[in-house]
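Here is how the chains run, residue by residue.
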Amino acid sequence: MTNTSETPMILPENPSFEDVVRCRRSVRGFLPKAVPQDLLHKIFSLAQLAPSNCNIQPWKVAVASGESCRLLRDKLVAAVTEGVKPNPDHQRVDKFEGVFRQRQVDTAVALYGNMNIARDDGEGRRRASLRNFEFFDAPHAAFIAMPSIFNESVAVDVGMYAQNLMLAMTANGLGSCAQASVSRYPDIIRAHFGWNDSLAVLMGISFGFEDPSIPANKTVVPRADIREEVIFLD
Ligand SMILES: Cc1cc2nc3c(=O)[nH]c(=O)nc-3n(C[C@H](O)[C@H](O)[C@H](O)COP(=O)(O)O)c2cc1C
């Protein structure tokens, strides 16, 4: 199997690890169908097996489903549409340059192309951006935080947890989209889940069963050749 085609790969029956890694991609449109409780338990138990420095397991995770998910979505959408100033817990790099900018542009071209949103279509882009806060209609949204006393050295552990979680979802027939965007309003997220300021919100992950009819879900974004990023020395 390769991942170079323009068409998303379908997970085969009894997928290998390689199939799962190749089939995971960001899903931005979901069916209104809840994930059964036992499957939720299974995928979050698998994610929990992620490695972490000194095995501190620094991630704190909250999952909004059903009415809780709808309420949180409404609060976030209201914050965006009312122009509430974002106050993320961590300074994010929003402006990329050089090769990083090029990759960002290539990804946007692939995604917005499938969504039929032109480069100068400001309203279309605003609407597409708002979809983040609607969780792309996902029936579940997970939020991942870590104790705010920690810095990026511990955030590395949380990244491993997040990837474990998304691969566990893929392997079990679920789609997911990692979302830094939703962490722009950590106070709303903390208040919703009853978290206090001792937790810093890193990201959200919308997830559920993919809606294959959504144009955005036809997107496959390319990767650089490993020769650009990896050196092998003998
Ligand atoms: C930490 C992180 C944050 C992300 N934030 C967003 C986001 O806010 N909105 C979004 O649509 N995609 C987001 N993505 C998805 C990336 O755009 C996506 O992973 C990348 O383009 C590669 O595509 P793929 O996941 O389909 O392989 C995020 C991914 C990561 C890992």
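Preceding this paragraph is the structure being described.
Every value quoted in this text rests on a predicted model; they were computed, and no experiment measured them. (Residues numbered from 1 in each chain as written. Predicted model: local features only at pLDDT ≥ 70, side-chain atom pairs only at ≥ 80, totals over all residues. Heavy atoms only, no water.)

1. A look at the overall build of the protein chain
Phase 1: Across its full length, the protein chain holds eight helices and four strands.
Phase 2: Taken from the N to the C terminus, the helices and strands of the protein chain come in the order α-α-β-α-α-α-β-α-β-α-β-α.
Phase 3: A compact globule built from 234 residues should have a C-alpha radius of gyration of about 17 Å, and the protein chain, at 18 Å, falls within 12% of that.
Phase 4: C-alpha extents for the protein chain along the principal axes are approximately 45 × 45 × 40 Å.
Phase 5: For the protein chain, the proportion of its 234 residues judged to be buried stands at 39%.
Phase 6: Pairs at least 24 residues apart make up 80% of the contacts formed inside the protein chain by residues separated by at least 6 positions. (Helix = DSSP H or I, 4+ residues; strand = E, 2+ residues; numbered from the N terminus. Rg over C-alpha atoms; globule rule 2.2 N^0.38 Å. Buried < 20%, exposed > 50% of the residue type's maximum accessible area, 1.4 Å probe, protein only. Contact = heavy atoms within 4.5 Å.)

2. Regarding helix α5 (residues 122–133)
Phase 1: The first and last C-alpha atoms of α5 sit 18 Å apart over 12 residues, in line with the 16 Å expected at 1.5 Å per residue.
Phase 2: Buried within α5 are the following residues: Gly124, Ala128, Leu130, Arg131, Asn132 and Phe133.
Phase 3: Phe135 sits one or two positions beyond α5 and adopts a positive phi of about 55 degrees. (Expected span 1.5 Å × (residues − 1).)

3. A closer look at the layout of surface pockets
Phase 1: Put simply, the second largest pocket is a space of about 380 Å³.
Phase 2: If you go around the second largest pocket, you meet 17 residues; those closest to its centre are Met9, Leu11, Arg25, Gly173 and Glu210.
Phase 3: Residue classes in the lining of the second largest pocket are distributed as nine nonpolar, five polar and three charged. (1 Å grid on protein atoms, 1.4 Å probe; cavity = no way out; pocket = protein on both sides within 12 Å on 5 of 7 lines; lining within 4 Å. Points joined across faces, edges and corners; volume = space filled by probe spheres on them. Nonpolar A, V, L, I, M, F, W, Y, C, P; charged D, E, K, R; others polar.)

4. So, the packing of helix α2 (residues 37–47) against helix α6 (residues 152–171)
Phase 1: With their axes 8 Å apart at the nearest point, α2 and α6 run at an angle of 140 degrees to one another. Read as a crossing pair, α2 and α6 show a hand that is right-handed. Contacts from Ile43, Phe44, Leu46 and Ala47 in α2 reach Tyr161, Asn164, Leu165, Ala168 and Met169 in α6.
Phase 2: Here the contact of α2 with α6 is built from residues that sort into eight nonpolar, one polar and no charged. (Axes fitted to C-alpha atoms, helices over the stretch in contact; angles between N-to-C directions. Left-handed = near helix turned anticlockwise from the far one by under 90°.)

5. Regarding the side chain of Ser181
Phase 1: By the element assignment, Ser181 lies in the loop between β3 (175–179) and α7 (186–193).
Phase 2: Reaching out from Ser181, the side chain makes a polar contact with the side chain of Asn132 at a distance of 3.0 Å.
Phase 3: Ignoring any residue separated from it by four or fewer positions in sequence, one finds Ser181 in contact with Asn132 and Phe133. (Polar contact = N/O pair within 3.5 Å; in protein donor to acceptor, adjacent residues only side chain to side chain.)

6. Section: a nonpolar patch on the surface
Phase 1: Together, Val93, Phe96, Val99 and Phe100 make up an exposed nonpolar region whose accessible area comes to about 380 Å².
Phase 2: Positionally, Val93 belongs in the loop between α3 (66–81) and α4 (98–114). (Patch = residues over 30% accessible without salt bridge, like charges linked within 9 Å, V, L, I, M, F, W, Y side chains within 5 Å. Areas by Shrake-Rupley, 256 points an atom, 1.4 Å probe, with all protein chains shown as cover. Salt bridge = Lys/Arg side-chain N within 4 Å of Asp/Glu carboxyl O.)

7. Notes on the packing of aromatic side chains
Phase 1: Applying the stated rule across the entire model yields six aromatic pairs.
Phase 2: Aromatic side chains Phe135 and Phe143 sit 6.0 Å apart centroid to centroid with 65 degrees between the ring planes, which places their arrangement in the edge-to-face category.
Phase 3: You can call Phe135 buried: its relative accessible area is 1%.
Phase 4: An angle of 40 degrees between the planes, with centres 5.6 Å apart, marks the rings of Phe193 and Trp195 as tilted.
Phase 5: Overall, the relative accessible area of 17% leaves Trp195 in the buried class.
Phase 6: Here the aromatic residues Phe135, Phe143, Phe193 and Trp195 are joined through ring pairs into a cluster of three or more.
Phase 7: Of note, Lys33 hangs over the ring of Phe209, and the distance from its end group to the ring centre comes to 4.2 Å. (Phe/Tyr/Trp six-rings, centres within 6.5 Å; stacked < 30°, edge-to-face > 60°. Lys NZ or Arg CZ within 6 Å of the ring centre and 35° of its normal.)

8. Details of the pattern of salt bridges
Note on pairing: side chains with opposite charge can pair once their charged atoms come close.
Phase 1: For the coordinates displayed, the defined rule picks out 14 salt bridges.
Phase 2: Of the charged contacts in the structure, one is a salt bridge between Asp197 and Arg190, with a shortest N-O distance of 3.5 Å.
Phase 3: One network of salt bridges, in which partners are shared, links Asp89, Asp187, Arg190 and Asp197.

The values are spatial; any link to function lies outside them.
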